[in-house]
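Letter by letter, the chains look like this.
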Amino acid sequence: MQRTHTCGELTEKNIGEVVTLCGWVYTRRDHGGLIFVDLWDKTGLTQVVLNPQIDKLAHQEAQSLRGNFVIAVQGKVRARPEDMVNLKLKTGAIEVYIDELEILNPSSTPPFSCWENQEVGEALRLKHRYLDLRSSELQRNLELRYKITRTVRDVLHQKGFIEIETPILTKSTPEGARDYLVPSRLNPKKFYALPQSPQLFKQTLMVSGMDRYFQITKCFRDEDLRQDRQPEFTQIDMEMSFVDEDQLFSLAEEMIATTYKETLGIEVETPFPVLKYKDSMNRFGTDKPDLRFGLEIVDVGEVVRGAGFKVFTQALDAGGQVKAINVKGSAESLSRKALDDLTEVAKTYGAKGMAWIKIQENGLQSPIIKFFDKEMLDRLIETVNGEPGDIIVFSADTPAIVADSLANVRLALARLLKLIDEKKIKLAWVTEFPLVEYDAEEKRYVAMHHPFTSPMEEDLDKLQSTPSEVRARAYDLVLNGNEIGGGSIRIHSKEIQERMFKMLGIDKEEAELKFGFLLDALQYGAPPHGGIAFGLDRIVMILAGASSIRDVIAFPKTQKATCLMTQAPSEIDPKQMNELKLKYDLR
RNA sequence: GGGGUCGUAGUUCAGUUGGUUAGAAUGCCGGCCUGUCACGCCGGAGGUCGCGAGUUCGAGUCUCGUCGGCCCCGCCA
């Protein structure tokens with residue numbers, strides 16, 4: 001029997017036609033004389049009817065049907081009696097009277113029902129991922145994922161990009177994340193690394209005159225997993241020659257806006273606002289601010305300097321900061337318990353505690369006001385624009401801890417007070433990142449983005465003197481508080497690249513050993529170029545409204561980076577170890 | 001490396017202060033049923049309480065360890 005229609009397309013227009021449907025038994029309702037089967041495929045459900053008066057044999061055979069059996073049926077489309085129309089189904093106006101039934105494949109009883117809305121443990125769902133993927137939610141997510149990549153390919157194609165594949169077996173690169181390694185059988189004691197990104201290859205392609213490259217490709221980083229992070233993930237990677245930030249931003253904006261339009265039918269405004277890293281850190285404590293709500297951070301260090309409150313003065317004396325958030329109108333809604341919980345949030349990010357002041361009509365309430373004189377309190381309240389009904393929360397510590405703790409207290413507050421409008425889409429560029437940051441452990445500067453990121457021209461003279469003040473031509477794209485992409489204008493001058501390596505403490509031999517091929521390439525007419533890479537999984541997750549990256553990946557890993565379906569990773573045969581000339585040395 | 005949380009029929013869960021034979025719903029199996037659509041009615045089967053020690057006359061329940069899922073810190077150029 002050859003399928004003539006899918007299970008989601010028959011309507012009144014097909015009444016009278018003889019059709020053949022194939023699909024899975026969704027439910028079977030056996031009335032003894034009459035059997036109803038809801039037949040499922042990814043397009044929908046169709047009710048088929050087995051009536052012994054239409055075909056005795058088919059009816060008899062249908063008694064053995066069970067859930068998830070794969071069947072083919074042939075019969076005539078009929079209108080349902082008027083009061084039997086099922087408005088819940090697209091195909092609810094019709095049903096198919098079957099005169100031929102073929103069981104293509106029976107099914108064991110599955111460990112869980114993939115169609116019912118019963119909450120099933122994620123471990124079990126991952127073990128039987130093929131069943132879980134039948135659910136409408138995952139079907140919808142994977143379809144959205146495909147629509148997004150298709151739109152991206154369309155847009156980039158129109159803009160003159162070509163997709164070029166780069167190696168998966170490649171060279172281990174220093175810095176950055178931990179590499180996944182693959183032993184080389186033909187070259188004992190040597191290893192390939194799986195790429196953390198195609199970074200070096202795409203820059204090399206610019207030297208080749210490819211002009212505009214993109215690739216939707218897997219990247220690998222052997223680090224711990226999170227809700228929005230997998231060791232194996234997909235980047236939309238791109239690179240362009242002869243561009244500056246403006247051209248690159250507008251292209252990326254068009255790509256994102258078109259994606260929203262084509263997949264969700266939503267118009268997003270372009271151009272996206274641009275926020276300098278420094279301003280983002282000052283106002284939100286993070287380089288990926290969620291701009292859907294306010295609760296901005298205010299520096300009150302100068303106001304409280306010299307107060308009798310040791311927590312503040314000690315932080316300031318040690319070169320730290322005191323910053324605050326005015327939680328407008330929250331005096332009623334934020335309980336003592338909520339403030340304790342927020343304090344725990346602050347502590348998670350290194351703060352030793354979280355001070356607060358409640359402004360009431362009849363004065364201030366707080367465990368710390370006794371340490372301040374009235375004049376200082378007045379100025380403090382004025383600085384944060386405080387009014388009766390507000391609560392001011394404080395963090396005092398090193399700049400990094402103040403930023404980190406308040407950024408996360410801010411997010412927790414927004415969730416607690418339900419300040420986030422889920423319909424809002426707030427995209428922004430964050431620019432002028434520091435080129436390097438000091439690594440206390442390694443006692444040297446390390447590239448914040450990567451060592452090929454171009455410094456800003458006006459900061460070039462600080463490369464030697466004050467490296468930490470040099471700003472980079474690097475940028476991130478932030479969507480509702482998530483970093484969804486990042487990139488930079490690259491260094492194409494050999495001279496600047498050498499100064500960069502010098503600052504990072506990488507000598508000539510080391511540079512040659514680690515990045516030799518790119519450095520060679522850059523000597524042979526490297527055009528000015530820059531690029532960006534987007535995290536596809538995160539973008540799909542946000543557009544799908546999914547709560548975990550696992551919900552937009554067909555076969556995701558668990559938090560311990562295993563696959564419950566394939567049981568990867570697994571032990572290997574000693575023969576394979578011998579071939580690779582590898583030996584365990586477990587400690 | 002660290003913190004939190006969960007683990008009991010196939011599944012989702014309940015299980016009191018440590019006390020008789022561990023329950024419910026759903027699913028599954030059998031029977032009945034010609035207008036259901038999460039069909040209905042009757043009956044039945046189904047448990048290494050994640051695993052291992054310990055405390056106790058007695059452990060699903062308490063203690064320790066361990067394994068696994070999830071969330072978080074660190075980590076993620």
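Residues numbered from 1 in each chain as written. Chains lettered and ligands numbered in written order. Predicted model: local features only at pLDDT ≥ 70, side-chain atom pairs only at ≥ 80, totals over all residues. Heavy atoms only, no water.

Asker: So what about the packing of aromatic side chains? Which residues, and what values?
Answerer: On inspection of all chains with the given rule, the structure shows 18 aromatic pairs. Taking the centre distance of 5.1 Å and the plane angle of 25° together, the rings of F309 and F371 count as stacked. Residue F309 is located in the loop between helix 8 (301-304) and helix 9 (310-317), and its partner F371 is located in the loop between strand 15 (363-365) and helix 11 (374-383); the two are separated by 62 residues in the primary sequence. Given the relative accessible area of 10%, F309 is considered buried. A ring pair is formed by F452 and F515, whose centres lie 5.1 Å apart and whose planes are at 90°; its orientation type is edge-to-face. Note that F452 is positioned in the loop between strand 19 (444-447) and helix 13 (462-465) and F515 in helix 15 (residues 508-523), a separation of 63 residues in sequence. Across this residue pair, the class does not change: F452 and F515 are buried. Looking at R78, its charged tip hangs above the ring of Y97, at a distance of 4.2 Å from the centre. (Phe/Tyr/Trp six-rings, centres within 6.5 Å; stacked < 30°, edge-to-face > 60°. Helix = DSSP H or I, 4+ residues; strand = E, 2+ residues; numbered from the N terminus. Buried < 20%, exposed > 50% of the residue type's maximum accessible area, 1.4 Å probe, protein only. Lys NZ or Arg CZ within 6 Å of the ring centre and 35° of its normal.)

Asker: Which residues make up the domain arrangement of chain A, and what are the values?
Answerer: Domain boundaries assigned for chain A yield domain 1 (12-105), domain 2 (133-272 + 534-587) and domain 3 (293-416). For domain 1 and domain 2, the distance between their C-alpha centres works out to 43 Å. (Domains from an automatic or database assignment.)

Asker: Provide a residue-level description of the nonpolar core, including the pertinent values.
Answerer: Ranked by internal contacts, the top residues of the largest apolar core, which has 41 residues, are M238, I256 and F534. Residue contributions to this core peak at eight residues, all from helix 6 (residues 245-264). In this view, M238 contacts L156, F161, K202, Y213, F214, L251, M255, G531, I532 and F534; residues no more than four positions away in its chain are not counted. In this structure, V470, M503, L519 and A521 belong to the second largest nonpolar core, which totals 29 residues. (Core = buried A, V, L, I, M, F, W, Y, C linked by side-chain atoms within 4.5 Å. Contact = heavy atoms within 4.5 Å.)

Asker: Give me the lowdown on the sheet that holds strand 6 (residues 162-163), citing residues and values where you can.
Answerer: Read across the sheet, eight strands follow the order 6-9-10-22-21-20-17-11 without closing on themselves; strand pairing throughout is mixed. This sheet does not close on itself; its edge strands, each paired only once, are strand 6 and strand 11 (274-276). Summarising the sheet, strand 21 (residues 482-489) and strand 22 (residues 529-535) pair through five bridges and their orientation is antiparallel. Within the sheet, the bridge partner assigned to I489 lies in strand 22 and is G530. Packed onto the sheet, helix 5 (residues 199-207) meets strand 9 (212-220), strand 10 (232-241) and strand 22 and runs at close to 20° relative to strand 10. (Pairing = 2+ DSSP bridges. Axes fitted to C-alpha atoms, helices over the stretch in contact; angles between N-to-C directions.)

Asker: Outline a nonpolar patch on the surface, listing residues and values.
Answerer: On the surface, a nonpolar cluster with roughly 370 Å² of combined accessible area is contributed by I572, Y584 and L586. Here L586 shows up in the segment after helix 17 (574-580). (Patch = residues over 30% accessible without salt bridge, like charges linked within 9 Å, V, L, I, M, F, W, Y side chains within 5 Å. Areas by Shrake-Rupley, 256 points an atom, 1.4 Å probe, with all protein chains shown as cover. Salt bridge = Lys/Arg side-chain N within 4 Å of Asp/Glu carboxyl O.)

Asker: Describe in detail the pairing of strand 20 (residues 474-479), supporting the description with residues and values.
Answerer: Judged by how many residues are buried, strand 20 sits mostly within the fold: six of six residues are covered. Bridge count between strand 17 (residues 427-431) and strand 20: five bridges; the pairing is antiparallel. Bridging across to strand 20, L427 finds its partner in L479. Where strand 20 hands over to strand 21, the hairpin turn is made up of two residues, of which N480 adopts a positive phi near 50°.

Asker: How would you explain a negative patch on the surface if you had to name every residue and give the values?
Answerer: A surface patch of negative charge is lined by E61, D99, E100 and E102. With three residues, the top contributor of residues to the negative patch is strand 5 (residues 94-105). Mapped onto the secondary structure, E61 falls in helix 1 (residues 56-62). In this structure E61 comes out as partly exposed when scored by relative accessible area, which is 33%. (Lys, Arg positive; Asp, Glu negative; His and termini not counted. Charge placed at Lys NZ, Arg CZ, Asp CG, Glu CD.)

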